[in-house]
Amino acid sequence: MRSICTAVVATLALVGTSFAETINVPGDYATIQGAINASSDGDVIAVAAGTYYEHSLNPGGKAITVQGALNEDGSLATTIDAQQNGLRVVVTITSGEGDGTVIKDLEITGGTGLNEGWGTVGGGIYLENSSPIIIGCTISGNTANYGGGICCNNSSPTITGCTITDNTAFDLGGGIYCYNGSNPTISGSQICENTPNQIDGSYTDGGGNIVADECAAEGACCIGSGCSVTTEPNCIAAGGTYQGDNSDCNGDPCWQDSDGDGV
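Every value quoted in this text rests on a predicted model; they were computed, and no experiment measured them.

## Focus on the overall build of the protein chain
Next, step 1: In terms of regular secondary structure, the protein chain is built from two helices and 26 strands.
Next, step 2: Classification of the 263 residues of the protein chain by burial places 47% in the buried group.
Next, step 3: The long-range share in the protein chain, meaning contacts at least 24 apart out of those at least 6 apart in sequence, stands at 60%.
Next, step 4: Of the roughly 11700 Å² of accessible surface on the protein chain, a fraction of 49% belongs to carbon and sulfur atoms.

## Digging into the side chain of threonine 79
Next, step 1: With respect to the secondary-structure elements, threonine 79 resides in strand β5 (residues 78-81).
Next, step 2: Excluding its chain neighbours within four sequence positions, the residues that come into contact with threonine 79 are Gly50, Thr51, Tyr52, Glu107 and Thr109.

## Details of the packing of aromatic side chains
Next, step 1: All chains considered together, the criterion is met by four aromatic pairs.
Next, step 2: Arranged with centres 5.2 Å apart and planes meeting at 45°, the rings of tyrosine 146 and tyrosine 177 form a pair that is tilted. One end of the pair, tyrosine 146, is in strand β14 (residues 143-146); the other, tyrosine 177, is in strand β19 (residues 176-179), with 31 residues separating them in the sequence. Comparing tyrosine 146 with tyrosine 177, the two get one shared label, buried.
Next, step 3: In this structure an aromatic cluster arises from ring pairing among Trp118, Tyr146, Tyr177 and Tyr179.

## Topic: the confidence of the model for the protein chain
Next, step 1: The predicted model of the protein chain averages 77 in pLDDT, with 70% of residues at 70 or higher.
Next, step 2: This stretch, residues 1-17, has a pLDDT under 50; its non-local contacts, to residues over four places away or in other chains, come to zero contacts.
Next, step 3: Every residue in residues 213-258 is under pLDDT 50, and counting partners more than four places away or in other chains gives 99 contacts.

## Regarding the side chain of lysine 62
Next, step 1: Locating lysine 62 in the fold gives a position in the loop between β3 (50-52) and β4 (65-67).
Next, step 2: Put simply, lysine 62 is tucked away with no salt bridge, and the nearest opposite charge, on aspartate 41, sits 7.3 Å away.
Next, step 3: In terms of polar contacts, lysine 62 uses its side chain to reach the backbone carbonyl oxygen of isoleucine 36, at 2.8 Å.
Next, step 4: Sequence-distant contacts of lysine 62, that is, excluding residues within four places in its chain, are made with Ile36, Asn37, Ala38, Ser39, Asp41, Glu97 and Thr101.

## Brief notes about the pairing of strand β11 (residues 125-128)
Next, step 1: As paired strands, strand β6 (residues 91-93) and β11 are joined by three bridges and run parallel to one another. If you follow valine 91 over to β11, its bridge partner there is isoleucine 125.
Next, step 2: As paired strands, β11 and strand β15 (residues 150-153) are joined by four bridges and run parallel to one another. Residue tyrosine 126 lies in a different strand from β15, and its bridge partner there is cysteine 151.

## Some remarks on unusual backbone geometry
Next, step 1: The peptide bond linking valine 25 to proline 26 adopts the cis configuration, its omega dihedral lying at 5°.
Next, step 2: Examined against the element boundaries, proline 26 turns out to sit in the loop between β1 (22-25) and α2 (32-38).
Next, step 3: If you check the backbone angles, glutamine 83 has positive phi at about 70° while not being a glycine.
Next, step 4: Mapped onto the fold, glutamine 83 is located in the loop between β5 and β6.
Next, step 5: Residue classification places glutamine 83 among the partly exposed positions, given a relative accessible area of 44%.
Next, step 6: Positioned with a positive phi, glutamine 84 is a non-glycine residue whose angle comes to about 50°.
Next, step 7: Mapped onto the secondary structure, glutamine 84 falls in the loop between β5 and β6.

## Notes on the sheet that holds β15
Next, step 1: The five strands are arranged β6-β11-β15-β19-β22 in an open sheet whose pairing can be described as parallel. Two strands close off the open sheet at either side, each with one partner strand: β6 and β22 (199-200).
Next, step 2: Sheet topology places β15 next to β19; four bridges connect them, and they run parallel. Bridge pairing in β19 places asparagine 153 opposite tyrosine 179.

## Let's talk about the nonpolar core
Next, step 1: One finds Ile32, Ile45, Val66, Ile150 and Ile176 to be the most contacted residues of the largest nonpolar core, which totals 34 residues.
Next, step 2: Counting only elements with at least two residues in this core, the list comes to β1, α2, β2 (44-47), β6, β11, β15 and β19.
Next, step 3: Here this core gets three residues from one element, more than from any other, and that element is α2.
Next, step 4: Other than its neighbours up to four places away in sequence, isoleucine 176 contacts Gly147, Ile150, Ile159, Ile164, Ile186, Ile191, Gln198, Ile199 and Asp200.
Next, step 5: Judged by nonpolar contacts, the second largest core, of seven residues, contains Val89, Tyr126, Tyr177 and Tyr179.

## Some details on the environment of lysine 104
Next, step 1: Locating lysine 104 in the fold gives a position in strand β7 (residues 102-104).
Next, step 2: Overall, lysine 104 belongs to the partly exposed group, its relative accessible area being 28%.
Next, step 3: C-alpha separation for the pair lysine 104 and alanine 69, spaced 35 residues apart in sequence, amounts to 9.2 Å.
Next, step 4: Every residue in contact with lysine 104, bar those within four places of it in the chain, is listed here: Val66, Gln67, Gly68, Ile135 and Cys137.

Reading the values: the criteria
Residues numbered from 1 in each chain as written. Predicted model: local features only at pLDDT ≥ 70, side-chain atom pairs only at ≥ 80, totals over all residues. Heavy atoms only, no water. Helix = DSSP H or I, 4+ residues; strand = E, 2+ residues; numbered from the N terminus. Buried < 20%, exposed > 50% of the residue type's maximum accessible area, 1.4 Å probe, protein only. Contact = heavy atoms within 4.5 Å. Areas by Shrake-Rupley, 256 points an atom, 1.4 Å probe, with all protein chains shown as cover. Phe/Tyr/Trp six-rings, centres within 6.5 Å; stacked < 30°, edge-to-face > 60°. pLDDT = per-residue confidence, 0-100. Lys, Arg positive; Asp, Glu negative; His and termini not counted. Salt bridge = Lys/Arg side-chain N within 4 Å of Asp/Glu carboxyl O. Polar contact = N/O pair within 3.5 Å; in protein donor to acceptor, adjacent residues only side chain to side chain. Pairing = 2+ DSSP bridges. Core = buried A, V, L, I, M, F, W, Y, C linked by side-chain atoms within 4.5 Å.

Here you go:
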């Protein structure tokens, strides 16, 4: 009788237990969204090297990781391309996702934004009421009225080790546009050569950023380690915090002294 009870307890202990899985694209599912739809909290969507012509990818509130592959030299091997066709956001995260939702090691391109009536928002990534982690991604070649690369609406994502470049906003925030209480934390990222400006709205500088503002029109890059120094007067030094038209660069020179007068 004792052995029977033990067996029953062991069986009950297994009931309701779930294990995180790795879901492979295209091995298990042909599309990234198909894999996302089949996933559960804690799962990893491992997307193999290649270009995937998808858009409007949406985790739907799930705490999952969508992760691309890397080449031998560490460069990104997985691209999601919305093909600049119609109104399309590449990745949409709008269901209250937190830091359990991770977008990692992906090149995100070809987005044209979500139509909000007053303009299009978030060509590459649109966030609303959500604060996921975006890590190791390159976000380039996207357009929108507001936030060509990323648009944050009441969202405070953690953006780490990303390159946000060559995105276009027709109004504000070629790189990132923040509004409605958004306050992303950005660290170790390069944000430059976006048109017409790199970041609109506030953000918390986590350190190690290379950020330039209003430089793309003149073909300039950015200020800081690993970047060529521009002569444009309105570039923010690495490690600075962008606040509208002014900045607090934590003791570093914020503006180039074009005439050498010390001001």
